[in-house]
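# Summary of the model geometry
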Amino acid sequence: MRRVVLLLLFGWLGCDAPPPAPVPLPPRLSGTGLTVAGSTTEIDPGHLPFSPQYPLWTDGASKRRWIHLPAGKTIDASRADAWSFPPGTRLWKEFSFGGKPAETRYMERLPDGTWRYATYVWTADGRDAELAPEAGVRAGVPVEGPPGRHVIPSRGDCTACHEGRTTPVLGFTALQLSPDRDPGALHAGPGGVDLASLAERGLLRGLPPSLLETPPRLEAASPTERAALGYLHGNCGGCHNTEGPLASVGMDLLGGPGALATVLGQRSGFRVPRRPDAVHRVEAGHADRSVIPLRMRSREALVQMPPIGTALVDEQAVALIERWIDEDLARRQHAAASPHRKEKKE
Amino acid sequence: MSHRTSIAAVILGLAVLAPACNPSPPASAARGLEPEEKVARGKYIVSTAGCHDCHTPWKMGPNGPAPDFERALSGHPAELVMPPAPRPEMPWVMTASATNTAWAGPWGVSFTANLTPDPETGLGKWTAKNFIDTIRNGRHLGAGRPLLPPMPAPVYAQMTDADLEAVFAYLQTLPAIKNPVPQPLPPG
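I will try to describe carefully the structure that is included in this document. (Residues numbered from 1 in each chain as written. Chains lettered and ligands numbered in written order. Predicted model: local features only at pLDDT ≥ 70, side-chain atom pairs only at ≥ 80, totals over all residues. Heavy atoms only, no water.)

## Considerations on the overall build of chain A
Operational definition: In DSSP terms, a helix is any run of H or I states spanning at least four residues, a strand is any run of E spanning at least two, and both are numbered starting from the N terminus. Note on method: radius of gyration uses C-alpha positions; expected globular size equals 2.2 Å times residues raised to 0.38. The classification of residues rests on relative accessible area computed with a 1.4 Å probe and restricted to protein chains. Under 20% of the type maximum is buried, over 50% is exposed, and intermediate values are partly exposed. Note on definitions: a residue-residue contact is assigned when non-hydrogen atoms from the two residues lie within 4.5 Å. Under the counting rule used here, the positive set is Lys and Arg, the negative set is Asp and Glu, and His together with the chain ends is not counted. Where a charge lies is defined by one atom per residue type, namely NZ (Lys), CZ (Arg), CG (Asp) and CD (Glu).
Of the regular secondary structure elements, chain A holds eight helices and 10 strands. Computed over the C-alpha atoms, the radius of gyration of chain A is 23 Å, within 12% of the 20 Å expected from 2.2 N^0.38 for a compact globule of 346 residues. Reported as C-alpha extents along the three principal axes, the dimensions of chain A are approximately 85 × 45 × 40 Å. The buried share of chain A, taken over its 346 residues, is 48%. Contacts in chain A between residues far apart in sequence, at least 24 positions, make up 53% of those at least 6 positions apart. Across chain A, the mean location of the 40 positive side-chain charges is 2 Å away from that of the 38 negative side-chain charges.

## Concerning the interface of chain A and chain B
Formally: Here the buried area means the combined drop in accessible surface, using a 1.4 Å probe, for two parts upon being joined, counting both sides. Salt bridges are defined by distance alone: a side-chain nitrogen of Lys or Arg within 4 Å of a carboxyl oxygen of Asp or Glu. In protein, a polar contact requires one atom able to donate a hydrogen and another able to accept it; more generally it is a pair of N or O atoms within 3.5 Å, and residues adjacent in sequence count only if both atoms are side-chain atoms.
The partner chain B presents 25 residues to the 22 residues of chain A that form the contact. Taking both sides of the interface into account, the surface hidden between chain A and chain B amounts to around 1900 Å²; carbon and sulfur atoms contribute 64%. Three residues, Arg-138, Arg-271 and Leu-302 of chain A, lead the burial of chain A against chain B; their summed loss comes to 31% of the area buried on that side. Taken together, the links from chain A to chain B amount to one salt bridge. A salt bridge links Arg-139 of chain B to Asp-157 of chain A; the shortest N-O distance between them is 3.9 Å. At the boundary of chain A with chain B, the tally comes to two residue pairs in polar contact (both at pLDDT 80 or more).

## Comments concerning the environment of Leu-260 of chain A
Residues and elements named next belong to chain A. Here Leu-260 is to be found in the loop between helix H5 (223-235) and helix H6 (291-297). Residues Leu-260 and Val-282 lie 22 residues apart in sequence; the distance between their C-alpha atoms is 9.4 Å. Ignoring any residue separated from it by four or fewer positions in sequence, one finds Leu-260 in contact with Glu-225, Leu-229, Trp-324 and Arg-332.

## Thoughts on the sheet that holds strand S2 (residues 62-68) of chain A
All names here are of chain A. Quick reminder of the rule: DSSP-based pairing: two strands are paired if at least 2 bridges between them are found. Angular values range over 0 to 180 degrees, each being the angle between N-to-C directions of two axes fitted as lines to C-alpha atoms, with helices fitted over their stretch in contact.
Strand order in the open sheet formed by six strands is S1-S2-S4-S5-S6-S7, with antiparallel pairing between adjacent strands. Two strands bound the open sheet, and with one partner strand each, they are strand S1 (48-50) and strand S7 (129-131). Strand-to-strand twist in this sheet, taken as the mean axis angle between neighbours without regard to direction, amounts to 25°. Bridge count between S1 and S2: three bridges; the pairing is antiparallel. Within S2, the residue paired with Pro-49 across the bridge is Trp-66. Along the sheet, helix H2 (residues 155-162) makes contact with strand S5 (100-109), strand S6 (115-122) and S7, crossing S6 at roughly 125°.

## A few points about helix H6 (residues 161-171) of chain B
All names here are of chain B. Most of H6 is tucked away: 10 of the 11 residues are buried. Residues of H6 that are buried: Ala-162, Asp-163, Leu-164, Glu-165, Ala-166, Val-167, Phe-168, Ala-169, Tyr-170 and Leu-171. The elements touched by buried residues of H6 are helix H2 (35-48), helix H4 (128-137) and helix H5 (153-156).

## Thoughts on empty space enclosed by the protein
Residue and element names in this part refer to chain A. Going by this rule: Both cavities and pockets are sets of points on a 1 Å grid over the protein atoms alone; in a cavity a 1.4 Å probe fits but cannot get out, in a pocket the set is open with protein on both sides within 12 Å along at least five of seven lines, and lining residues sit with an atom within 4 Å of a point. Grid points are joined across faces, edges and corners, and a volume is the space filled by probe spheres set on the points.
Per the stated rule, a full pass over the model turns up two cavities of 30 Å³ or more. Quantified by volume, the largest cavity comes out at close to 60 Å³. Along its surface, the largest cavity is lined by Leu-229, Leu-232, Asp-252, Leu-253, Leu-254, Gly-255, Ala-259, Leu-260, Val-263 and Trp-324.

Structure representation (structure tokens):
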């Protein structure tokens, strides 16, 4: 009734009603609805666990993820790489080191269609997690094993990563949940719901049937290339793509058609300190002077990639990218540059 | 962790943190301005917020050092290759070039950016969103490396979107100057 009176009043005054004030973020993780009533650790069985095949690496943290869709609502899956989630959608990602949870990130789609982000830091006794300050915890919280401390991102850091694409939900896409899972993908955790099971549950609207007949996979010339492009998709493509604010950089690491051409043999706008010989984003046969792996290997604040989220080098990933550049791409370049071999084949 | 490294960490930390600590700026009456008014508003802000102090190289003139407006807002001159910076003794921590465009301190060496609309070396390919994200998040293009001292991004992060859009609109009207500013150098 009060709402009706207010609407009439604002209508009469000829002005827009103020948007409803957002409900404040719960001070504790348990208040977000992740767990069943009365527990701070038992996950509500109504939430769907999922595991992207090309996850973001965070200093070796093990991760668990869940999504909650409002009852009776579905995901608009008509665009394979930009699913649209209904208001009320909530997602959680838990980061653990040495078997102990350190942080759980939370994102929620509000009734007005905007997203909000928060992160919760687990208490030392592991009983619950508390809302982190908006500025994050730059000095990090202590964790077991490397890296020793884990930085809690600010809300600005959340948007910097999550709002670099059409959809801010980065790990819940047709490719990331494809049943045609990449056996060479690095750091992928145990499964959960996938594209087929979501479709079976009737949670996807407008999904092109072809994606169920032929589940999406990255186009690649070899298993190594598939895993390498997949790693770049999950760890770099959130910012480096053709649709977000960084499109002007002209580098597509999402792995779509033509993506390889934006890095292979392309001059980098970034000059790696003390490495004047590193000119190209990727130089076939020369990982040692390709800018992408050099930046992945650096943890200097001005050089490292990704620029936030890690204190350590992902050695497995650097080795994969270097192998792809030094072996697969070099072989392909050699074959392309060898007309004799081509003629012989013909 | 050495004393210098500690100071560098604190300065970098403050530079990155401060934008996130700021409350959201209020909506501005500058929204909805005509394009010419927006550019004029941007020029006013640029002229009064100290942008020329560092982004326009200074040179010696009849009245002493002054901004060289023939190179307005084009950043550190690429041809001015800086020798290694002297190591100041505490409590001195920073040194600056005579052009006021190169700064050395515990964070390394920073060179002021080319803000003219040159597509290759300036902001010619940037969008207003790129510019706003950079100032708001204190990171290059909003998501990359941290902006370095002495850039007062934490102060400018408190501007309204409308004012930042106006600044960007004005910068896009400047004569494009091709000037490939060097990358910042890490401490060492």
